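In case you want the letters, here they are:
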Amino acid sequence: MKKIVISELFIPPYDEGMKVTAFSLLKAINKQVECIGIGPLSECNIHENINRVYLSKLLFSFGLYKIIKKKRPDLLIYVPQASATLNSFIRFKILQWISSGSKLAMIALQHCDREYNAVEKNIIRLLRPKKVFVLSGVMAKQFKTIGVLPSILPIGVDMEKFVPVSNDRKKVLRNKYNIPPDRYLLLHVGHIKETRNLRLLTNFVSCVDIAVLIVGSTSTSQEAGLKESLRQSGIFIIDYFVPEIQEIYQLADCYIFPVIKKTGAIEFPLSVLEAMACNLPVITTPFGGLPEHFSPSVDFMYFNTSVELMQKFNEIKQVHPETRKKVEKFSWDHVAKILLQSCED
């Protein structure tokens, strides 16, 4: 029986969390069952298993209708770019109308950027979405208030791609990306936007033995003023697409995730998992689903204030991390199995 994954996120390059999640799920599902992807028209098609069609703002198009009718999938999974907005639920309902009997599931990767008003809540209740996945209990609680009973789905990490390296290899990579070889390197990977709370990282630039590197996604617009301000403060910035993104984690000494605003990242931050797979110690805010999966430890610390951050950093830079062990259960194959089994049930 065929599965179809539909997403507006299927546009290369895959260099930010939502895109990587959608694309990785497609590949993992396709390892277990026959599955194809459907995405918007794009000049770059690096994956032959994605069918490119015109998608309107409401997702409907004759090309989409034709593919669904031809393939007749038993399961259709929608991963919306806009995540949990009212329009996402409307698009999901339209897919239900044209899928003619297929089971449907939607995966909401991020909070809606604002609270639903009374009218939106009533519309979503009327749409009656049956199978919705979210990434944390916090999101599940929000959905339950509007009459939607979601399932919680973790996201995964490529454990074969993101691996620890030796100190010698780390030095080679530092040289490749023009990063000082003899300084303790703090890393953050993600959007260069104010919503990521990146200015907090300037607290470290006055320390002569510490360097800070931010790698910005090219899939979304970068805020030029913020980027220039961070660069002028002494933070190293990589603002171009890095195909071998695992090398960036491998050359670092510690990963920091300072995001506070709930729409600043996907609810279960992929970059944190990728850093842990490379066995980096992590300092993070208690963001989204992280506290539900990871208890604080000597190599995985939470902070809420800038004072706490500096205290935690002084502690964590002394440890020998073992964070890779904590993410071994989060392989994409395992996530795909959970998704498919839940939809079958």
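In short, a report on the structure. Computed from a prediction, not measured in an experiment: that's the story for all the values here.

About the criteria used
- Within each chain, residue numbers correspond to sequence positions counted from 1 in written order.
- Totals for whole chains, interfaces and linings use every residue, but because this is a predicted model, local features are given only for residues with pLDDT of at least 70 and side-chain atom pairs only at 80 or more, for both listing and counting.
- Working from all heavy atoms in the structure, the side-chain values ignore hydrogens and water.
- Under the scheme used here, helices are H or I runs from DSSP no shorter than 4 residues and strands are E runs no shorter than 2 residues, and both carry numbers assigned from the N terminus.
- We compute the radius of gyration over the C-alpha atoms and compare it with the globule rule, which gives 2.2 Å times the number of residues raised to the power 0.38.
- Exposure categories follow from relative accessible area, calculated using a 1.4 Å probe and restricted to protein chains: below 20% of the type maximum is buried, above 50% is exposed, and the middle band is partly exposed.
- By definition, residues are in contact when any of their heavy atoms lie within 4.5 Å.
- Only the protein chains shown count as cover for residues, and the accessible areas themselves come from Shrake-Rupley with a 1.4 Å probe.
- In this charge count, Lys and Arg are treated as positive and Asp and Glu as negative; neither His nor the chain ends contribute.
- Here the site of a charge means atom NZ of a Lys, CZ of an Arg, CG of an Asp or CD of a Glu.
- Pairing between strands is defined by DSSP: at least two bridges between them are needed.
- Here a crossover is taken to be right-handed if, once the strands point away from the viewer, the path from the first strand over the helix to the second is traced clockwise.
- A carboxyl oxygen of Asp or Glu within 4 Å of a side-chain nitrogen of Lys or Arg is what we treat as a salt bridge.
- As used in this structure description, the phrase polar contact means that two N or O atoms lie within 3.5 Å; if the pair is within protein, one of them must be able to donate a hydrogen and the other to accept it, and residues adjacent in sequence are counted only when both atoms belong to side chains.
- For the purposes of this analysis, a disulfide is any pair of cysteine sulfur atoms at a distance within 2.5 Å.
- Throughout, nonpolar core names a set of buried Ala, Val, Leu, Ile, Met, Phe, Trp, Tyr and Cys residues whose side chains join them through atoms within 4.5 Å.
- Fitted lines through C-alpha atoms give the axes, limited to the stretch in contact for helices. The angle between two N-to-C directions lies from 0 to 180 degrees.
- A patch consists of residues whose relative accessible area exceeds 30% and which take part in no salt bridge; residues with like charges are grouped when within 9 Å of each other, and nonpolar side chains (Val, Leu, Ile, Met, Phe, Trp, Tyr) when within 5 Å.
- Within 6.5 Å between ring centres, the rings of Phe, Tyr and Trp (the latter by its six-membered ring) count as paired, and their orientation is classed by plane angle as stacked under 30 degrees, edge-to-face over 60, tilted in between.

Points about the overall build of the protein
So, point 1. Broken down by element type, the protein carries 12 helices and 13 strands.
So, point 2. Rg of the C-alpha trace for the protein: 21 Å, near the compact-globule value of 20 Å for 345 residues, within the 12% margin.
So, point 3. When each of the 345 residues of the protein is scored for burial, the buried share is 54%.
So, point 4. Across the protein, the fraction of contacts at a sequence separation of at least 24, relative to all contacts at a separation of at least 6, is 72%.
So, point 5. For the protein, the exposed area adds up to about 15,500 Å²; of that, 52% sits on carbon and sulfur atoms.
So, point 6. A distance of 7 Å separates the average location of the 44 positive side-chain charges in the protein from that of its 33 negative side-chain charges.

Details of the pairing of strand S4 (residues 75-78)
So, point 1. Taking every second residue as pointing to the same face, both faces of S4 are buried, with Leu 75 and Ile 77 on one and Leu 76 and Tyr 78 on the other.
So, point 2. Sheet analysis places strand S1 (residues 3-6) next to S4, joined by four bridges and oriented parallel. Pairing of Ile 4 across the sheet is with Leu 76, part of S4.
So, point 3. In this sheet, strand S5 (residues 103-107) lies alongside S4 in parallel orientation, the contact comprising four bridges. Looking across to S5, one finds that Leu 76 is bridged to Leu 104.
So, point 4. Handedness of the crossover joining S4 and S5 through helix H3 (residues 86-98) is recorded here as right-handed.

Describing the environment of Lys 317
So, point 1. Note on placement: Lys 317 falls in the loop between helix H11 (306-316) and helix H12 (332-344).
So, point 2. Residue class for Lys 317 comes out partly exposed when judged on its relative accessible area of 27%.

Here's the deal with the pattern of salt bridges
So, point 1. Within the structure shown, the criterion is met by 11 salt bridges.
So, point 2. Here Asp 253 and Arg 174 are joined by a salt bridge, their closest N and O atoms 2.8 Å apart. In this pair, Asp 253 is assigned in the loop between helix H8 (246-250) and strand S11 (254-257) and Arg 174 in helix H6 (residues 167-176), connecting sequence segments 79 residues apart.
So, point 3. The partner of Arg 199 in a salt bridge is Glu 194, with the nearest N and O atoms 2.8 Å apart.
So, point 4. Salt bridges here are not isolated pairs; linked through shared partners, they connect Arg 169, Lys 176 and Glu 247.

Focus: the side chain of Ser 7
So, point 1. Secondary-structure assignment places Ser 7 in the loop between S1 and helix H1 (17-32).
So, point 2. Among the polar contacts listed, one links the side chain of Ser 7 to the backbone oxygen of Val 79, at a separation of 2.6 Å.
So, point 3. Among residues more than four places away in sequence, those in contact with Ser 7 are Ala 22, Ile 38, Gly 39, Pro 40 and Val 79.

Considering the state of the cysteines
Cysteine pairs can be covalently joined through their sulfur atoms, and such a bond is termed a disulfide.
So, point 1. Tallying each qualifying case throughout the model produces zero disulfides.
So, point 2. Here Cys 207 is not cross-linked by a disulfide; its sulfur's nearest cysteine counterpart is in Cys 254, at 13 Å.

Focus on the nonpolar core
So, point 1. Grouped together as the largest cluster of nonpolar side chains are 71 residues, with contacts concentrated most on Ile 248, Tyr 249, Tyr 255 and Phe 294.
So, point 2. A per-element tally of this core places H1 first, with eight residues.
So, point 3. Of all hydrophobic cores here, the second largest spans 32 residues; its members include Ile 38, Val 53, Leu 55 and Val 132.

Regarding the sheet that holds S5
By way of backbone hydrogen bonds, the strands of a sheet pair with one another, either parallel or antiparallel.
So, point 1. With parallel pairing, seven strands are arranged side by side in an open sheet as S3-S2-S1-S4-S5-S6-S7. Lying at the two open borders of the sheet, with one neighbouring strand each, are strand S3 (50-53) and strand S7 (151-152).
So, point 2. The sheet strands contacting H3 are S1, S4, S5 and strand S6 (132-134), and the helix crosses S5 at an angle near 165°.
So, point 3. Against the sheet, helix H5 (residues 137-144) contacts S6 and S7, and its axis sits at roughly 140° relative to S6.

Quick word on the environment of Lys 262
So, point 1. Inspection of the secondary structure assignment puts Lys 262 in the loop between S11 and helix H9 (270-277).
So, point 2. Through-space distance from the C-alpha of Lys 262 to that of Cys 112 is 8.8 Å; in sequence the pair is 150 residues apart.
So, point 3. Those residues in contact with Lys 262 that sit more than four places away from it in its chain are Gln 110, His 111, Cys 112, Glu 115, Gln 142 and Phe 287.

Looking at the side chain of Thr 323
So, point 1. Along the chain, the position of Thr 323 falls in the loop between H11 and H12.
So, point 2. Among the polar contacts made by the side chain of Thr 323, one reaches the main-chain carbonyl oxygen of Met 276 at a distance of 3.4 Å.
So, point 3. Sequence-distant contacts of Thr 323, defined by excluding residues within four places in its chain, comprise Met 276, Asn 279, Leu 280, Pro 281 and Asp 299.

A short note on a nonpolar patch on the surface
So, point 1. On the surface, a nonpolar cluster with roughly 320 Å² of combined accessible area is contributed by Phe 60, Phe 62 and Tyr 65.
So, point 2. Relative to the helices and strands, Phe 60 resides in the loop between S3 and helix H2 (62-71).
So, point 3. With relative accessibility at 39%, the residue Phe 60 sits in the partly exposed group.

Comments concerning the packing of aromatic side chains
Aromatic rings in a pair are described by how distant their centres are and how their planes are angled relative to each other.
So, point 1. Enumeration according to the criterion identifies 12 aromatic pairs in this entry.
So, point 2. The interplanar angle of 70° and the centroid separation of 5.5 Å between the aromatic rings of Phe 257 and Phe 287 together place this pair among those described as edge-to-face. Of the two residues, Phe 257 is situated in strand S11 and Phe 287 in the loop between strand S12 (282-284) and helix H10 (290-293); the sequence distance between them amounts to 30 residues.
So, point 3. A relative accessible area of 0% means that Phe 257 is categorised as buried.
So, point 4. Ring geometry for Phe 294 against Phe 330: centres 5.7 Å apart, planes inclined by 55°, an arrangement best described as tilted. With Phe 294 in the loop between H10 and strand S13 (300-302) and Phe 330 in the loop between H11 and H12, this residue pair connects regions lying 36 residues apart in the sequence. Pair check on accessibility: Phe 294 and Phe 330 agree, each one buried.
So, point 5. Three or more aromatic residues joined by ring pairs form one cluster here, namely Phe 268, Phe 294, Phe 300, Tyr 302 and Phe 330.

Everything listed here is a matter of geometry and, on its own, says nothing about what the molecule does.
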